[in-house]
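Structure assessment
This is what each chain is made of:
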Amino acid sequence: QPFNRMEKKLERSGVRFPRATQVSLMQQMNKMVRPAAEAIKADVMKSGYIQLDPTPVPLCDPARPGRTVESTVWGYRAVGQDLVWYQFESERGKSPDHPDRELKAANFKGKLQVDGANGLNQIGVADQVIALGCMAHGRRYAHEAVVNGDENASVYLEVYNKIFKIDRIAKRFKFSEDKRHEWRLRYSLPLFELMVAMAEEEIKEAMPDTLLWQCLHYLIEQQPYLGRCLTTPGAELTNNGVERALRPLKTGVKNWQWIGHPNAGPRLANLFTLVENCRRIGANVEAYLTDLVTRLPGHPVKKIAELLPVAWKRAQEKAKSAAAPPAA
C-alpha cells in the first residue's frame with residue numbers, strides 16, 4: 001500500500017505513523033536485508049540459465065513535482081532453481097545496456113532467454129552466452145493475425161501449437177531430459193524448419209506492417225534463437241517463467257501506483273526479490289522478514305545462505321517436525 005494510505009488508515013485508529021517515518025524505516029530495512037538480496041542475485045548469476053524480461057513502473061519525477069516518468073524493473077529468473085532477482089533502472093524501455101552490464105560484471109556463462117526485443121539476444125560476454133528466443137511470442141503474433149481474420153496465419157499457429165503439444169506430451173509422460181531432447185529433434189525441429197521456409201517465401205508478397213507480416217518477420221528474424229529452444233538440451237520453449245515472476249509486481253503497482261523517488265527504486269527491487277522468492281515456495285513472508293531483520297545484524301556474512309528463503313523454510317519445517325509430539 002502507498003505510505004500515505006497507511007498513514008491515514010492508522011490515524012483513524014489513533015496511531016500516528018508519518019510517511020517520513022515509514023520511509024526512514026524502509027531505508028533501514030533495506031540496508032539490513034540487502035545482503036540477502038545480493039546473495040540471491042549471485043545464485044541467479046551462477047545458475048547457468050537465466051530468463052530475462054523488463055516491466056515499466058511509474059516513477060515520480062524529482063524535476064517535475066506531481067508528474068511521473070517511466071522507469072524499468074528487470075526480472076532475472078534462474079531456471080531450474082526457480083530463483084528470481086529484480087533490478088531497478090530509472091531509465092525507461094528495454095535498453096540492453098543495463099542487463100548487459102550486470103551479466104558481464106558477473107561473468108555469466110550459460111543460456112539466456114529473452115523475448116526478441118532489440119539487442120537483448122546480443123548481451124553478456126561473447127562466446128559465453130547461448131541466446132534463446134521465445135516461442136510464445138511467435139505464437140502470439142500468429143494468434144493475433146488469425147483472430148483479426150487473416151487465415152494465411154492459421155498454418156503458422158497450427159505449427160506452433162503442434163510444437164507445444166509435443167512438449168506437453170513429453171511432460172505428461174515424464175520423459176527424461178535426454179528423451180525430451182530426442183523428441184524435439186525428431187518431431188519439433190522439422191516442423192519449425194518447414195515453418196521458417198514457408199515464412200521466407202510468403203513474406204515476399206505479404207503487405208508490410210500487417211499482422212501477418214509481423215508474424216512472419218518475427219519468425220524469420222528470431223529464427224536462430226527460436227531454433228535453439230529446440231536444439232539446446234534443457235532449454236524451455238518460452239520466456240513465460242520470468243513474465244509470471246513479474247506479474248505480482250505489476251499487480252502491486254495498481255495499489256501503490258508509483259515509486260516515490262529514484263532512490264526508492266533499488267529498495268523496492270531488493271524487497272520484492274525477497275518477497276517473490278518467499279511466495280514462490282509458499283513461505284510465510286511476514287514471518288520470514290521478521291526473522292530476517294532480527295537475525296541479520298549478528299549473522300556472519302559468509303553464512304548468509306542460511307537465511308535465504310529456501311533454506312529458511314527448510315529450517316522452519318525441520319524445527320516444526322522436531323517439536324511435534326511422536327505419533328501414538
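Read on for a plain summary of the structure.

**Here we look at the sheet that holds strand 1 (residues 49-60)**
Spatially, 3-2-1-4-5 is the arrangement adopted by the five strands of the open sheet, whose pairing is mixed. Only two strands of the sheet have a single partner each, and these edge strands are strand 3 (83-89) and strand 5 (129-132). With strand direction ignored, the average angle separating the axes of adjacent strands in the sheet is 30°. With seven bridges joining them, strand 2 (residues 68-78) and strand 3 adopt antiparallel strand pairing. Along strand 3, the bridge assignment pairs threonine 72 with glutamate 89.

**Regarding unusual backbone geometry**
Within the chain, asparagine 107 stands out as a residue other than glycine whose phi angle is a positive 55°. By the element assignment, asparagine 107 lies in the loop between helix 3 (97-105) and strand 4 (110-113). Overall, the relative accessible area of 39% leaves asparagine 107 in the partly exposed class. A positive phi is found at aspartate 209, a non-glycine position, where the angle reads about 65°.

**Quick look at the packing of helix 5 (residues 154-172) against helix 6 (residues 177-202)**
In contact at an axis separation of 10 Å, helix 5 and helix 6 are set at 170° when each is read in the N-to-C sense. Classified by the interaxial angle, the pair formed by helix 5 and helix 6 is roughly antiparallel. Residues Val155, Tyr156, Val159, Tyr160, Lys162, Ile163, Ile166, Asp167, Ile169 and Ala170 of helix 5 touch helix 6, and the partners they reach there are Arg180, Trp183, Arg184, Tyr187, Ser188, Leu191, Phe192, Met195, Met198, Ala199 and Glu202. Split by residue class, the contact of helix 5 with helix 6 holds 15 nonpolar, one polar and five charged.

**A short note on the packing of aromatic side chains**
A full pass over the atoms with the stated rule returns seven aromatic pairs. For the ring pair tyrosine 86 and phenylalanine 272, a centre distance of 6.4 Å and an interplane angle of 90° mean the geometry is edge-to-face. Of this pair, tyrosine 86 sits in strand 3 while phenylalanine 272 sits in helix 10 (residues 264-281), and the two are 186 residues apart along the sequence. On the numbers, 5.1 Å between centres and 40° between planes, the contact of tyrosine 141 with tyrosine 218 is tilted. A residue pair is termed long-range when its members are at least 10 positions apart, and tyrosine 141 in helix 4 (residues 135-147) and tyrosine 218 in helix 7 (residues 211-221) qualify at 77 residues. When its relative accessible area of 29% is taken as the criterion, tyrosine 141 is described as partly exposed. We classify tyrosine 218 as buried; its relative accessible area is 6%. By the ring-pair criterion, three or more aromatic residues cluster together here, those being Tyr86, Trp256 and Phe272. Sitting over the ring of phenylalanine 175, lysine 179 keeps its end group 4.4 Å from the ring centre.

**Focus: the pattern of salt bridges**
Following the criterion strictly, the structure yields 20 salt bridges and no others. Put simply, aspartate 167 and arginine 180 hold a salt bridge, and the shortest N to O gap is 3.9 Å. Placement of aspartate 167 in helix 5 and of arginine 180 in helix 6 is noted, with a sequence separation of 13 residues between them. For glutamate 182, the salt bridge is made with arginine 186, and the minimal N-O distance between the two is 2.8 Å.

**Description of the layout of surface pockets**
Of the voids in this model, the largest pocket is the one considered here, and its volume is about 1,100 Å³. Lining the largest pocket are 31 residues; nearest its centre among them are Gln1, Phe3, Met26, Trp256 and Leu268. Residue contributions to the lining of the largest pocket peak at eight residues, all from helix 10. Looking at the lining of the largest pocket residue by residue, the classes come out as 19 nonpolar, seven polar and five charged. Listing elements by their share of the lining of the second largest pocket, those giving two or more residues are helix 5, helix 6 and helix 9 (240-256). Broken down by element, the residue count for the lining of the second largest pocket peaks at five residues, all from helix 5. Here the residues of the lining of the second largest pocket sort into four nonpolar, three polar and nine charged.

**A closer look at the state of the cysteines**
Applying the stated criterion across every chain yields a total of zero disulfides. Looking at the unpaired cysteine 215, the closest cysteine sulfur is the one in cysteine 134, lying at 14 Å.

**As for the nonpolar core**
Counting 33 residues, the largest nonpolar core has Tyr76, Leu112 and Leu292 as the members making the most contacts within it. When contributions to this core are tallied by element, the ones reaching two or more residues are helix 2 (19-45), strand 1, strand 2, strand 3, helix 10 and helix 11 (285-295). Broken down by element, this core gets its largest block of residues, six residues, from helix 2. Other than its neighbours up to four places away in sequence, leucine 292 contacts Val33, Ala36, Leu274 and Leu307. Ala136, Ala142, Leu189 and Leu230 belong to the second largest nonpolar core, which has 31 residues in total.

Quick notes on the rules
- Residues numbered from 1 in each chain as written.
- Predicted model: local features only at pLDDT ≥ 70, side-chain atom pairs only at ≥ 80, totals over all residues.
- Heavy atoms only, no water.
- Pairing = 2+ DSSP bridges.
- Helix = DSSP H or I, 4+ residues; strand = E, 2+ residues; numbered from the N terminus.
- Axes fitted to C-alpha atoms, helices over the stretch in contact; angles between N-to-C directions.
- Buried < 20%, exposed > 50% of the residue type's maximum accessible area, 1.4 Å probe, protein only.
- Parallel < 35°, antiparallel > 145°, perpendicular 65-115°, else oblique.
- Contact = heavy atoms within 4.5 Å.
- Nonpolar A, V, L, I, M, F, W, Y, C, P; charged D, E, K, R; others polar.
- Phe/Tyr/Trp six-rings, centres within 6.5 Å; stacked < 30°, edge-to-face > 60°.
- Lys NZ or Arg CZ within 6 Å of the ring centre and 35° of its normal.
- Salt bridge = Lys/Arg side-chain N within 4 Å of Asp/Glu carboxyl O.
- 1 Å grid on protein atoms, 1.4 Å probe; cavity = no way out; pocket = protein on both sides within 12 Å on 5 of 7 lines; lining within 4 Å.
- Points joined across faces, edges and corners; volume = space filled by probe spheres on them.
- Disulfide = S-S within 2.5 Å.
- Core = buried A, V, L, I, M, F, W, Y, C linked by side-chain atoms within 4.5 Å.

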